[in-house]
Amino acid sequence: MADRLVTVFGGSGFVGRYVVKRLAKQGWRVRVAVRRPQEAGFLRPMGDVGQIAIVQANVRHKASVELAVHGAEAVVNLVGLIAESGSQSFNLIQAQGAKRVAEAAKAAGASRFVQLSAIGAAADAPSEYGRSKAAGEAGVKAAFPEAVILRPSLVFGPEDKFFNRFANLARYSPVLPLIGGGANLVQPVYAGDVADAVVAAVNGTVTAADKPYELGGPTVYSFRQLMELILKVTGRKALLLPVPLGLAKLQAAAVGWLPGAPITVDQVKMLEVDNVVAPDAPGFDAFGITPDSVEAVVPSYLLRFRKTGQYATATTVEG
């Protein structure tokens, strides 16, 4: 497999680093296509000398995409946004960008294509995020019918921006907001398990199904339950304050335009629907993967948010 090349768009991102490491371990030559190569150097030690190459590419620019996929046997697109910023819009990145990468991969003769989407992707989704993800899936399938589409739920891991964000907030604030009352459901999935699914698709051990594969962890939680778990693991106390969706949208509209805003109106809209695996969707079973639980992984990296950090008395977390 040493001569086989895979191009990974967005390989320096949260899930991307897990994907790159696993592909390198299996012997693939990995070309990582990113907007800012100078920020992706940390990936090189994940493989042998010269095994991981980092190139500049932007899914909004056709020429750079075509250069990045040249000679690749497989192409993976992990590029996505959680919030828009300047020229980085949902439509340009998650819809048009995904289609552009798939078109270039097909034209370059790649035999496999993997698109990372998200549970909740739908043409009629309440959020622009969900609608753009659905448009991206459609564009990918039109260009590369054999593409494998993966839809994870909320992805967690040491670098995540969900558990870490709320655990950090609990250090300073006596209140944690429960947008929509905290009843909405989510099925968190470990980044390493998502990466294993991506690699299986790259290797061709799993091929396209009639529906996108939906990837969720072993347990469904309400948003309130996740906040309670964070407080328990970190040994913190905070009031869990229900915030109606309407009020949350008004608050998000007031701050959503700021760089690094804590929440946007579109993110509030995402919470209007549950983020769980559909009963009839193919999932981890097709990959032979048993996903890790939140309880098995999250406490290990939230230790630092305890009052005495990793030296605090261990807290047992029960599922």
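About the cut-offs
- Residues numbered from 1 in each chain as written.
- Predicted model: local features only at pLDDT ≥ 70, side-chain atom pairs only at ≥ 80, totals over all residues.
- Heavy atoms only, no water.
- Helix = DSSP H or I, 4+ residues; strand = E, 2+ residues; numbered from the N terminus.
- Buried < 20%, exposed > 50% of the residue type's maximum accessible area, 1.4 Å probe, protein only.
- Lys, Arg positive; Asp, Glu negative; His and termini not counted.
- Salt bridge = Lys/Arg side-chain N within 4 Å of Asp/Glu carboxyl O.
- Polar contact = N/O pair within 3.5 Å; in protein donor to acceptor, adjacent residues only side chain to side chain.
- Contact = heavy atoms within 4.5 Å.
- Phe/Tyr/Trp six-rings, centres within 6.5 Å; stacked < 30°, edge-to-face > 60°.
- Lys NZ or Arg CZ within 6 Å of the ring centre and 35° of its normal.
- pLDDT = per-residue confidence, 0-100.
- Core = buried A, V, L, I, M, F, W, Y, C linked by side-chain atoms within 4.5 Å.
- Axes fitted to C-alpha atoms, helices over the stretch in contact; angles between N-to-C directions.
- Parallel < 35°, antiparallel > 145°, perpendicular 65-115°, else oblique.
- Left-handed = near helix turned anticlockwise from the far one by under 90°.
- Nonpolar A, V, L, I, M, F, W, Y, C, P; charged D, E, K, R; others polar.
- Expected span 1.5 Å × (residues − 1).
- Pairing = 2+ DSSP bridges.

Asks: I'd like to hear about the side chain of Asp160, residue by residue, with values.
Replies: Its location among the elements puts Asp160 in the loop between strand 7 (155-156) and helix 5 (163-172). No salt bridge is formed by the buried Asp160, whose closest oppositely charged neighbour, Arg304, lies at an N-O distance of 7.8 Å. Engagement of the side chain of Asp160 in a polar contact is seen with the backbone nitrogen of Phe163, the distance being 2.9 Å. Once you skip the residues sitting within four places of it in the chain, Asp160 turns out to touch Phe14, Val155 and Tyr301.

Asks: I'd like a rundown of helix 1 (residues 14-25), residues and numbers included.
Replies: Along helix 1, the positions that sit buried rather than exposed are Val15, Gly16, Tyr18, Val19, Val20, Leu23 and Ala24. Phi turns positive, to about 100 degrees, at Gly27, one or two residues after helix 1.

Asks: I'd love a proper account of the packing of aromatic side chains, names of residues and values included.
Replies: Inspection of every chain in the model, using the stated rule, returns eleven aromatic pairs. The interplanar angle of 80 degrees and the centroid separation of 5.9 Å between the aromatic rings of Phe90 and Tyr129 together place this pair among those described as edge-to-face. Placement of the pair is Phe90 in helix 3 (residues 90-107) and Tyr129 in helix 4 (residues 128-143), with a sequence separation of 39 residues. Here the aromatic cluster, defined as three or more aromatic residues joined through ring pairs, consists of Phe14, Tyr18, Phe156, Phe162, Phe163, Phe166, Tyr190 and Phe223. Taking the ring centre of Phe144 as reference, the NZ or CZ of Lys106 above it sits at 4.2 Å.

Asks: Requested: an account of the confidence of the model for the protein, with residues and values cited.
Replies: Chain-level statistics for the protein give a pLDDT mean of 93 and a share of 94% at 70 or above. This model gives residues 314-319 a pLDDT under 50, and the stretch forms twelve contacts once residues within four places in sequence are excluded.

Asks: Tell me about the nonpolar core, and please be specific about residues and values.
Replies: In this structure, Val30, Leu150, Phe163 and Met227 are the most contacted members of the largest nonpolar core, which totals 66 residues. If one sorts the elements of this core by residue count, helix 6 (residues 191-203) sits on top with nine residues. In this view, Val30 contacts Leu5, Val6, Val8, Val20, Leu23, Ala24, Gln51, Ile52 and Ala53; residues no more than four positions away in its chain are not counted. Residues Leu5, Ala72, Val101 and Ile149 belong to the second largest nonpolar core, which totals 27 residues.

Asks: Describe the packing of helix 7 (residues 223-234) against helix 10 (residues 294-302), with residues and values.
Replies: Two numbers describe how helix 7 lies on helix 10: the axes approach to 10 Å, and their chain directions differ by 50 degrees. The angle between helix 7 and helix 10 falls in the class oblique. Crossing of helix 7 over helix 10 shows right-handed handedness. Here Leu229, Ile230, Val233 and Thr234 of helix 7 come into contact with helix 10, specifically with Val294, Glu295, Pro299 and Leu302. Considered class by class, the residues forming the contact of helix 7 with helix 10 number six nonpolar, one polar and one charged.

Asks: Which residues make up helix 6, and what values do they have?
Replies: Helix length check: helix 6 (13 residues) gives 18 Å between terminal C-alpha atoms against 18 Å at 1.5 Å per residue, within 8%. Most of helix 6 sits inside the fold, with eleven of its 13 residues counted as buried. Looking only at helix 6, the buried set comprises Ala191, Gly192, Asp193, Val194, Ala195, Ala197, Val198, Val199, Ala200, Ala201 and Val202. Just downstream of helix 6, Gly204 is the residue with a positive phi angle, here 85 degrees.

Asks: Summarise the sheet that holds strand 2 (residues 29-34); cite the residues concerned and give the values.
Replies: Sheet architecture is open: seven strands sit in the order 3-2-1-4-5-6-11, paired in parallel fashion. Either end of the sheet is taken by a strand with one partner, and the two such strands are strand 3 (52-56) and strand 11 (213-215). Across the sheet, the mean angle separating the axes of adjacent strands is 20 degrees when strand polarity is ignored. Judged from the three bridges that link them, strand 6 (residues 148-152) and strand 11 form a sheet pairing that is parallel. When the sheet's bridge partners are listed, Leu150 is paired in strand 11 with Tyr213. In this fold helix 1 packs onto strand 1 (5-9), strand 2, strand 3 and strand 5 (112-116), with an angle of close to 160 degrees to the strand it touches most, strand 2.

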